Amino acid sequence: MSAPVAGSFLARVFDAALPGGVNASSFPVFNPATGVKITQVADMGPAETEGAIAKAYEAQKLWAKETAKARAKLLMAWYDLILEHQEDLAQLLTLEMGKPLVEARGEIGFGATFIEWFAEEGKRLYGDIIPTNMPGRRLMVLKQPIGVVAAITPWNFPNAMITRKIAPALAAGCSCVLKPAEDTPLSAVALAILADDAGLPDGLINIITAQNAPAVAKVLTEHPDIRKLSFTGSTRVGKLLMKGCADSVKKVSLELGGNAPFIVFEDADIDAAVQGALLSKYRNAGQTCVSSNRFYIHENVFSAFAEKLTAAVDVMTVGDGMVDGTTVGPLINNAALTKVLGLVKGALDAGAKAVTGGGVHPHGENYFEPTILVDAKNDMEIAQAEIFGPVAVLYSFKTEEEVTLSANDTPYGLAAYCYTRDMARCWRMSEALEYGMVAINEGTVASEAAPFGGVKQSGIGREGSKYGLDDFTEIKCVSMAGIGG
Ligand code: ADP
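Because the structure is predicted, anything quoted here is derived from the model rather than measured. (Residues numbered from 1 in each chain as written. Predicted model: local features only at pLDDT ≥ 70, side-chain atom pairs only at ≥ 80, totals over all residues. Heavy atoms only, no water.)

Novice: Outline the site of the ligand, supporting the account with residue identities and numerical values.
Specialist: Around the ligand, a shell composed of 17 residues is seen, among which Thr153, Trp155, Lys179, Glu182 and Ser234 lie nearest. Within the side chain of lysine 179, one N or O atom sits 2.9 Å away from an oxygen atom of the ligand. Note that an oxygen atom of the ligand is positioned 2.5 Å from one of the side-chain N or O atoms of glutamate 182. Protein contacts shield 79% of the accessible area of the ligand, which totals 550 Å² for the unbound molecule. Taking a 2 Å distance to the grid points as the criterion, the majority of the atoms of the ligand fall inside the largest pocket. Residue assignment for the shell around the ligand shows that the elements contributing at least two residues are α8 (213–222), β8 (226–232) and α9 (235–246). The residue inventory of the shell around the ligand, partitioned by class, reads eleven nonpolar, four polar and two charged. (Near = heavy atom within 4 Å. Polar contact = N/O pair within 3.5 Å; in protein donor to acceptor, adjacent residues only side chain to side chain. Areas by Shrake-Rupley, 256 points an atom, 1.4 Å probe, with all protein chains shown as cover. 1 Å grid on protein atoms, 1.4 Å probe; cavity = no way out; pocket = protein on both sides within 12 Å on 5 of 7 lines; lining within 4 Å. Sits in = over half its atoms within 2 Å of the grid points. Helix = DSSP H or I, 4+ residues; strand = E, 2+ residues; numbered from the N terminus. Nonpolar A, V, L, I, M, F, W, Y, C, P; charged D, E, K, R; others polar.)

Novice: Can you explain the environment of leucine 194? Please cite residues and give values.
Specialist: Its place among the elements puts leucine 194 in helix α7 (residues 186–198). Residue leucine 194 is classed as buried on the basis of its relative accessible area, which comes to 0%. Considered as a pair, leucine 194 and aspartate 80 are 114 residues apart in the sequence and their alpha carbons are 9.6 Å apart. Every residue in contact with leucine 194, bar those within four places of it in the chain, is listed here: Phe9, Trp78, Leu81, Ile82, His85 and Leu89. (Buried < 20%, exposed > 50% of the residue type's maximum accessible area, 1.4 Å probe, protein only. Contact = heavy atoms within 4.5 Å.)

Novice: Pulling in residues and values, what's your account of helix α2 (residues 46–65)?
Specialist: An α-helical turn contains 3.6 residues, so a residue and the one three or four places further along point in the same direction. In this model, α2 (20 residues) spans 29 Å end to end at C-alpha, consistent with the 28 Å of a helix rising 1.5 Å per residue. Listed in full, the buried residues belonging to α2 are Thr49, Ala52, Ile53, Ala56, Ala59, Gln60 and Trp63. (Expected span 1.5 Å × (residues − 1).)

Novice: How would you explain the pairing of strand β9 (residues 251–255) if you had to name every residue and give the values?
Specialist: Of all five residues that make up β9, four are buried, and the element is covered over most of its length. The sheet contact formed by β8 and β9 spans five bridges and is parallel. Within β9, the position partnered with lysine 228 by the bridge is lysine 251. Tracing the backbone out of β8, into α9 and back to the parallel element β9 gives a crossover that is right-handed. (Pairing = 2+ DSSP bridges. Right-handed = clockwise from strand over helix to strand, strands pointing away.)

Novice: Tell me about the packing of aromatic side chains, and please be specific about residues and values.
Specialist: Taken as a whole and judged by the stated rule, the model has eight aromatic pairs. A centroid spacing of 5.2 Å and a plane angle of 25° characterise the contact between phenylalanine 262 and tyrosine 419, whose relative ring orientation is stacked. Of this pair, phenylalanine 262 sits in strand β10 (residues 260–264) while tyrosine 419 sits in strand β15 (residues 415–419), placing them 157 residues apart in sequence. What makes tyrosine 419 buried here is its relative accessible area of 2%. The rings of Phe262, Phe295, Phe305, Tyr417 and Tyr419 are connected pair by pair, giving a single aromatic cluster. The aromatic ring of tryptophan 63 is capped on one face by arginine 71, whose charged end is 6.0 Å from the ring centroid. Between the NZ or CZ atom of lysine 99 and the centre of the ring of phenylalanine 157, over which it lies, the distance is 3.9 Å. (Phe/Tyr/Trp six-rings, centres within 6.5 Å; stacked < 30°, edge-to-face > 60°. Lys NZ or Arg CZ within 6 Å of the ring centre and 35° of its normal.)

Novice: Describe in detail the layout of surface pockets, supporting the description with residues and values.
Specialist: Empty space within the largest pocket amounts to approximately 1000 Å³. If you list the elements that add at least two residues to the lining of the largest pocket, you get α8, β8, α9 and α12 (334–349). The greatest single-element share of the lining of the largest pocket, amounting to five residues, is contributed by α9. When the residues that make up the lining of the largest pocket are grouped by side-chain class, the tally is 20 nonpolar, eight polar and seven charged. When residues are assigned to domains, the lining of the largest pocket turns out to be shared by domain 1 (9–256 + 459–476) and domain 2 (260–447), each giving three or more. Taken together, 24 residues form the lining of the second largest pocket, with Lys55, Ala192, Ile205, Asn206 and Ile207 sitting closest to its centre. (Points joined across faces, edges and corners; volume = space filled by probe spheres on them. Domains from an automatic or database assignment.)

Novice: How would you explain the environment of proline 201 if you had to name every residue and give the values?
Specialist: Along the chain, proline 201 turns up in the loop between α7 and β7 (205–207). You can call proline 201 partly exposed: its relative accessible area is 34%. Look past the residues within four positions of proline 201 in its chain and what remains in contact with it is Trp63 and Leu74.

Novice: I'd like a description of empty space enclosed by the protein, backed by residues and values.
Specialist: In this structure the tally under the stated criterion is two cavities of 30 Å³ or more. Here the residues of the lining of the largest cavity are counted per class, giving three nonpolar, four polar and four charged. Of the volumes computed, that of the second largest cavity is approximately 30 Å³. As for the second largest cavity, its lining consists of Ala68, Arg71, Ala72, Leu75, Phe118, Ala119, Gly122, Lys123 and Ala171. Breaking the lining of the second largest cavity down by element, the ones donating at least two residues are α3 (68–84) and α5 (101–122). Looking at the lining of the second largest cavity element by element, the count peaks at four residues for α3. Partitioning the lining of the second largest cavity into residue classes produces six nonpolar, one polar and two charged.

Taken by themselves, the reported measurements are silent on function.
Structure, rendered in structure tokens:
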């Protein structure tokens, strides 16, 4: 890629991403749409991580002393700058991650809402006075910042997964050391630049760009000055990190993999269900943890749903996310494509049929065809694994009991979707689905106001909403005697 224009925001990001200059230890970042190298970024390791923790530790002590109002003001200045740079940030995001530019713009706006939300929530982080259990004693609860927070984030939402962790951490009075995914470090660096421009104190947000994630994670999980780890990524890595945090007994928040069911009952609005399916399955080329993975369609409406979904999928435009009109971009890298291809091939070999798509898209080596499969079985790998690609697999069902059992038959429990116009069934399904989030008659579950998180092996803790702040606080009980009365 040619060098960015001197003085441009992109040039600032590239410079900040390689502070030691071209001779420093570094690794390349590629554009998944073209395979072309974008730039080199600093390859940091345990020593830089230790240094960042020490800086964060000092900065946190001062930050905790600021009033909630002062913290909110600085967070809002950061929010304003992010929106001012929405287009720059979106282009950078598409460049390193591949999603269509229109989705990247949406992600920057979505990411910023967490900063706005937690700037407001931080001002209302109330404690409690508890009715006393003994004369002469008073009981109070203070909510205090937990301390230095480690955050490890994925590549599929290179901006919003960061703000969803850092904003509540800062609002609660914490500082953080963040390791972004190695595929998408530039969006993290860009956010840190804008935080600095906004006047957030030095040392509050420390970015560790690194190729060797386990080496950095070892320091983050074991260091006694890190008091909490917040992770979004695979269940496999989440388990490793949780084990790593055990020795120093750190609080953990884990937002892990999913295997979302998308259930369409015979009384559903089929057109609305198709729209929801498109959003929950093909947005970000299916690379989201809340992407629908298993479509359970009532047998009486199966053909109607399949035909309408196929018609909509067949007009999708696959290509470089930078090009206007693209609706499905590339997968993040070749390993991701190989995984999706393996799952689809396995299903086809075992008897599933492709209604549309089914293989690599001719646009290029990281592109997968938007695909719909039928005649798959619940015991196939494609029904058990998180697909993370633009592949919808449709299963037919007869009864509510049967589909509830199938939907819950997974070790995961992040998001579930359900379409029906029967109000009683809406309640029953909301309660019966073993998931952290249930969307009824819509294809999205995430917003800054709603608690995001899973049950079972999909994770621990909630992000966003009023609950998202609690994860960054400790509850302290103050018991005061000698008062009389
Ligand atoms: P995905 O499968 O979506 O890439 P991962 O769980 O592999 O999800 O990655 C999410 C984040 O976890 C990234 O920042 C990545 O660098 C980091 N990561 C990957 N492997 C490890 C590991 N063994 N220890 C700690 N962090 C890891």
